[in-house]
Structure formats: structure tokens, C-alpha cells
Amino acid sequence: MIGHAGRGSNMLALAQNIKSDPNMTLATVIAPNMSAPGVIAALDLGYPVQHVPYEPKETYTSRLLEALNEVEWVCLAGFMKLVPIAVIQRFRGRIMNIHPALLPKFGGKGMYGIHVHEAVIQAQEKESGCTVHHVSEIYDEGEVILKATCPVLPEDTPETLAAKVLKLEHLSYFRALQKVIDGE
Ligand code: GAR
């Protein structure tokens, strides 16, 4: 599931890895916005994409559950909204998220995208990275599956740090998915 702005680089990296693993099938990409760059790229690559807009919000949960009907594992990628509780309950232990910092630091409300890297630099952290974690009812607080780290250098800006962390994310998400599937 990718988010509305949908650059989708994590989704595309994951999808590519899944496609090249003979034991896995990419069931669906779920997108709230069909004109997001990541969605256009996914369609170009022939990936199955389902459009599940946030509106009307009264039916969002049921439409999302319906779109996830054939799915065993769910990976959120750049998905900035709260996942409906019914979806978390149905996929408990099988729904995960990637966050561009070392949780529990720099997580929670307002901590997404470039804001995370701005906060890391502001706090003069020596190290940052990404965290793949299970999704629970509390934002960014599910059990950690894996973390990968990189140094924060004095010359780093939020943008250079974001680029470094994004590279780590692309390497980490599939590894984390394999880890939970293998029950490690
Ligand atoms: C990624 O850095 C991801 O970790 C972050 O948004 C970016 C999406 O990029 N997610 C969050 O901040 C969630 N709290 P992408 O669309 O290229 O994958």
C-alpha cells in the first residue's frame, strides 16, 4: 500500500524483489491516487494496482478490506495515514511499515518524510537509519522487525540524509519481509 503523494520508491523496490523471488507473488499494489508517480511506474511495469481512494471515508475500511481479500502480507510504503483498526486486526503480525529513522526515536505524529530528517539533524544525532516494524494500533509503535543504520555527518542536510536513509530502506524492506515470513 503506498501513500497519496506516492513517489513509491520503496514499493517499487519491494515489488521488484518480490517479482524475482519464485516463492512470492505480488498480489496487489493499493493506491489512493492513480496519478502518483509511483503508481504510474507500477502500471508501466505491469504490476497489479488497485485504486482505493480515501473518500468516501465512511466506506474506506470496507473497500480496503475488499481490495486486500487475496492478500497474505501487507507492506505500507510511504503510507502516512492511520491504517483502519479493522485492517490492523485482520492482518496482525502480517502488516508492516518502514520508517525513515531509528524508532522509537523520531516517530509518532508529524514524523514523516523530510520532517524526520530535519528533526534528526536538529537533535545532532550521530546516527540515523530506517526501521521496519509491525503495524499496531499505535502509530510507529509496533514491534521492530529490523533496523539499519548510517552515520549522520556534520555536513549532512535533511535532503542528503534522506537520500542515504532511502538507500538503506530499499535494501531493508525486502529483508524484513523475508524475516517475518520465515518466522525469524
Ligand atoms: C520513505 O522514506 C518512508 O520511510 C517514509 O516516506 C518515504 C516514502 O518514500 N515513510 C514515513 O515517513 C512513514 N512515517 P517512497 O514513496 O519513495 O517509498
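Below is a summary of the structure that appears in this document.

1. Re the site of the ligand
Link 1 in the chain: The local shell around the ligand holds 14 residues, among which R7, G8, S9, N10 and E169 are the closest.
Link 2 in the chain: At 3.5 Å, a backbone N or O of I98 approaches an oxygen atom of the ligand.
Link 3 in the chain: The side chain of H99 places a nitrogen or oxygen atom 3.3 Å from a nitrogen atom of the ligand.
Link 4 in the chain: Notes on the ligand: free accessible area 450 Å², of which the protein chains cover 94%.
Link 5 in the chain: Going through the elements one at a time, helix 1 (9-19), strand 4 (95-99) and helix 6 (158-181) are the ones with two or more residues in the shell around the ligand.
Link 6 in the chain: Taken together, the residues of the shell around the ligand break down into 6 nonpolar, 6 polar and 2 charged.

2. Regarding the packing of aromatic side chains
Link 1 in the chain: For the structure on display, the rule yields 2 aromatic pairs.
Link 2 in the chain: Where Y54 meets Y60, the ring centres are 5.4 Å apart and the plane angle is 70°; that geometry is what we call edge-to-face.
Link 3 in the chain: Judged by relative accessible area, which is 15%, Y54 ranks as buried.
Link 4 in the chain: Taking the centre distance of 6.3 Å and the plane angle of 65° together, the rings of Y54 and F79 count as edge-to-face. Here the residue Y54 occupies a position in the loop between strand 2 (49-51) and helix 3 (60-67), and F79 occupies one in the loop between strand 3 (74-76) and helix 4 (85-90), the gap between them amounting to 25 residues. Exposure class is identical for Y54 and F79. Each is buried.
Link 5 in the chain: In this structure an aromatic cluster arises from ring pairing among Y54, Y60 and F79.
Link 6 in the chain: Cation over ring: K81 sits above Y54, and NZ or CZ is 4.5 Å from the ring centre.

3. Considering the environment of N69
Link 1 in the chain: Locating N69 in the fold gives a position in the loop between helix 3 and strand 3.
Link 2 in the chain: Distance from N69 to A27, taken between C-alpha atoms, is 9.7 Å for residues 42 residues apart in sequence.

4. Let's talk about the side chain of D140
Link 1 in the chain: Within the element layout of this structure, D140 appears in the loop between strand 5 (127-134) and strand 6 (144-151).
Link 2 in the chain: With no salt bridge to any partner, buried D140 finds its closest opposite charge in K109, at an N-O distance of 11 Å.
Link 3 in the chain: At a separation of 2.8 Å, a polar atom in the side chain of D140 contacts the main-chain amide nitrogen of G108.
Link 4 in the chain: If we skip the residues at most four places from it in the chain, D140 touches N97, H99, L103, G107, G108, M111 and H133.

5. Describing the pairing of strand 4
Link 1 in the chain: Counted residue by residue, strand 4 has 5 buried out of 5 residues, so it is predominantly covered.
Link 2 in the chain: In strand 4, alternate side chains face the same way, and those of I95, N97 and H99 on one face and M96 and I98 on the other are all buried.
Link 3 in the chain: With 3 bridges joining them, strand 3 and strand 4 adopt parallel strand pairing. What sits directly across from L76, in strand 4, is N97.

6. Some points on the nonpolar core
Link 1 in the chain: Ranked by size, the top nonpolar core spans 38 residues in total, and within it L14, I18, V29, M96, V132, Y173 and L177 carry the most contacts.
Link 2 in the chain: Counting residues per element, the ones that place at least two in this core are helix 1, strand 1 (29-31), helix 2 (37-44), strand 4, helix 5 (114-122), strand 5, strand 6 and helix 6.
Link 3 in the chain: For this core, the element with the highest residue contribution is helix 6, accounting for 8 residues.
Link 4 in the chain: In contact with I18, other than residues within four places in its own chain, are M24, T25, L26, F174 and L177.
Link 5 in the chain: Listed in part, the 19 residues of the second largest apolar core include Y60, V74, V83 and I95.

About the criteria used
- Residues numbered from 1 in each chain as written.
- Predicted model: local features only at pLDDT ≥ 70, side-chain atom pairs only at ≥ 80, totals over all residues.
- Heavy atoms only, no water.
- Near = heavy atom within 4 Å.
- Polar contact = N/O pair within 3.5 Å; in protein donor to acceptor, adjacent residues only side chain to side chain.
- Areas by Shrake-Rupley, 256 points an atom, 1.4 Å probe, with all protein chains shown as cover.
- Helix = DSSP H or I, 4+ residues; strand = E, 2+ residues; numbered from the N terminus.
- Nonpolar A, V, L, I, M, F, W, Y, C, P; charged D, E, K, R; others polar.
- Phe/Tyr/Trp six-rings, centres within 6.5 Å; stacked < 30°, edge-to-face > 60°.
- Buried < 20%, exposed > 50% of the residue type's maximum accessible area, 1.4 Å probe, protein only.
- Lys NZ or Arg CZ within 6 Å of the ring centre and 35° of its normal.
- Lys, Arg positive; Asp, Glu negative; His and termini not counted.
- Salt bridge = Lys/Arg side-chain N within 4 Å of Asp/Glu carboxyl O.
- Contact = heavy atoms within 4.5 Å.
- Pairing = 2+ DSSP bridges.
- Core = buried A, V, L, I, M, F, W, Y, C linked by side-chain atoms within 4.5 Å.

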